[in-house]
Amino acid sequence: MNTVTIVLLVILAVLIIGIVVLYFLGKKAQKRQEEQQAQIEANKQTVSMLIIDKKRLPLKESGLPQMVIDQTPKMMRRSKLPIVKAKVGPQMMSLVCDEKIFDSVPVKKEVKAQVSGIYIVGVKGLHGPIKTETVKKGFFKRMVEKAQEKAGAKPVK
């Protein structure tokens, strides 16, 4: 056999093994995430709070308790989290917000939030509906949308 053919077969075998390993690791991570989501749903409570500020901050600057920072995996400590500072009852708290609802959380408004521990899962307006802010789209995103319109494809969200 030719040496180029042998090298290509070895590379193909390594790629196939890598794909199989990633498939099983993905399945395992998905099961773990579903269990965590079920636990969050079981423990959520509705609390009224005044949202003071919201930012994406690194974990060390977030104002969360030191115990929470120590329990997070080392890789997550450098990433930025959506942090909401809110007044719950008489005390000020720093809470972690779900990435899906972070943009819809109003600042300096009173809301009813569904909270599971220090994690905000959902938000509803206390005095009427929440007005969502329209985010200005970047140049690249506008160009992709125009290209998809011309091609007749569905827009990516």
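To be clear, the structure that these remarks concern was listed above.
Predicted model, so just to flag it, every value in this text is computed and none were measured.

Conventions and cut-offs
- Residues numbered from 1 in each chain as written.
- Predicted model: local features only at pLDDT ≥ 70, side-chain atom pairs only at ≥ 80, totals over all residues.
- Heavy atoms only, no water.
- Salt bridge = Lys/Arg side-chain N within 4 Å of Asp/Glu carboxyl O.
- Helix = DSSP H or I, 4+ residues; strand = E, 2+ residues; numbered from the N terminus.
- Buried < 20%, exposed > 50% of the residue type's maximum accessible area, 1.4 Å probe, protein only.
- Phe/Tyr/Trp six-rings, centres within 6.5 Å; stacked < 30°, edge-to-face > 60°.
- Lys NZ or Arg CZ within 6 Å of the ring centre and 35° of its normal.

Any chance you could explain the pattern of salt bridges here in plain terms?
A side chain of one charge can pair with a side chain of the opposite charge when the charged atoms of the two come close. In total, this model carries four salt bridges according to the counting rule given. For Asp53, the salt bridge identified is with Lys55, shortest N-O distance 3.7 Å. Between Arg56 and Asp103 there is a salt bridge, with the nearest N and O atoms lying 3.8 Å from each other. On the criterion of sequence distance, the pair formed by Arg56 in strand β1 (residues 45-58) and Asp103 in the loop between β3 (91-97) and β4 (110-116) is long-range, its members being 47 residues apart. A single network of salt bridges, built from pairs that share partners, joins Arg56, Glu99 and Asp103.

Would you mind showing me how to read unusual backbone geometry here?
Trans is the prevailing form of peptide bonds, just as negative phi is the prevailing case for residues other than glycine. The phi angle at Lys108 is positive, at roughly 60°, despite the residue not being glycine. Note on placement: Lys108 falls in the loop between β3 and β4. Under the relative-accessibility criterion, Lys108 is labelled exposed at 67%.

What's the story with the packing of aromatic side chains in this structure? I'm lost.
Here the distance between the centres and the angle between the planes together describe a pair of aromatic rings. Summed over all chains, the structure comprises one aromatic pair. Taking the centre distance of 5.3 Å and the plane angle of 75° together, the rings of Tyr23 and Phe24 count as edge-to-face. The ring of Phe102 has Lys54 lying over it, and the distance from NZ or CZ to the ring centre is 5.1 Å.

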